[in-house]
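# Observations on the three-dimensional arrangement
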Amino acid sequence: TVSISDGTVNVSTSIIGGQATGSGAVTSNSVAITGGIVTTSGKIIGGYSASGPASNNSVTISGGTINAGGDIVGGQADKGSASGNSVTISGGSINASIYGSETFSSGTTATDNTINICGTASLSESTRLFGSNWAPSLTVTGNTLNLGYDGKAASSWQGGRVFSLDNFNTVKYYTLPWSKGSMYLTATSISNVSNFDFSNMTLTGTSTMGLGDTMTL
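Let us look at the structure shown here. (Residues numbered from 1 in each chain as written. Predicted model: local features only at pLDDT ≥ 70, side-chain atom pairs only at ≥ 80, totals over all residues. Heavy atoms only, no water.)

### Concerning the environment of serine 97
With respect to the helices, strands and loops of the structure, serine 97 is situated in the loop between β15 (93-95) and β16 (98-103). With 30 residues separating them in the primary sequence, serine 97 and threonine 127 have C-alpha atoms 4.6 Å apart. Contacts of serine 97, omitting those with residues within four sequence positions, involve Asp71, Ile72, Ser126, Thr127 and Arg128. Of note is the side chain of serine 97, whose polar atom sits 3.1 Å from the backbone nitrogen of arginine 128. (Helix = DSSP H or I, 4+ residues; strand = E, 2+ residues; numbered from the N terminus. Contact = heavy atoms within 4.5 Å. Polar contact = N/O pair within 3.5 Å; in protein donor to acceptor, adjacent residues only side chain to side chain.)

Following this line, the structure appears as structure tokens:
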């Protein structure tokens, strides 16, 4: 586990919660950032395995400024499967792309990996959101983007603009503030997104809603 709460962190290597350089399984490791300025030319990874599976690893960011040249990744398995990994952004300023998981070997699986965006999270317009990367013959199921959700319960998010949404089985909307005439989430590109789910969506601040008012989700 790696925890960063304040100060300035500037490294050229990746920040990794737990790793196995061989075929070992990497499970339930985490990186938690609550503040500070974190800059790395590598990645921020909850758990990494070179040849084994990566499961139930997490990155949580609730504050600070994050500059990651090599992306933020819940769990990475170079030659194994990745499942149940997550990235939760509830605050801070994010200058990086975000992956629920990454795996680079054909014939493996990327299942039930999640990105949660909520609270005061600020994403840059160059941010790309990936449920998983897209390796050849990769089996991809259950990878989800949750908007206005902190991984346990609904938690409003103000929305924003990103570069793209990629490789999600489902994008789920939870709690979001009503804003007349606005666009909640804008993405320049949407690729390999199977389903948008509004069944749990709640709008806050609707007392100001009038007949004919609109908001684009």
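### So, a nonpolar patch on the surface
Together, Ile190, Phe196 and Phe198 line one region of the surface with nonpolar side chains, adding up to about 270 Å² of accessible area. Examined against the element boundaries, phenylalanine 196 turns out to sit in strand β27 (residues 196-197). (Patch = residues over 30% accessible without salt bridge, like charges linked within 9 Å, V, L, I, M, F, W, Y side chains within 5 Å. Areas by Shrake-Rupley, 256 points an atom, 1.4 Å probe, with all protein chains shown as cover. Salt bridge = Lys/Arg side-chain N within 4 Å of Asp/Glu carboxyl O.)

### Examining the environment of phenylalanine 130
Mapped onto the fold, phenylalanine 130 is located in strand β20 (residues 128-132). Residues phenylalanine 130 and valine 26, spaced 104 residues apart in sequence, show a C-alpha to C-alpha distance of 21 Å. If we ignore the near neighbours within four places in the chain, the residues touching phenylalanine 130 are Ile98, Tyr99, Gly100, Ile115, Asp166, Asn167 and Phe168.

### Some remarks on the sheet that holds strand β6 (residues 30-33)
Within a sheet, each strand pairs with its neighbour through backbone hydrogen bonds, oriented either parallel or antiparallel. Across the sheet, which stays open at both edges, the eight strands sit in the order β1-β6-β10-β14-β18-β22-β24-β27 with parallel pairing between neighbours. A strand with exactly one partner marks an edge of an open sheet, and here the two such strands are β1 (2-4) and β27. Pairing between strand β14 (residues 86-89) and strand β18 (residues 114-117): four bridges, direction parallel. Within β18, the residue paired with threonine 88 across the bridge is asparagine 116. (Pairing = 2+ DSSP bridges.)

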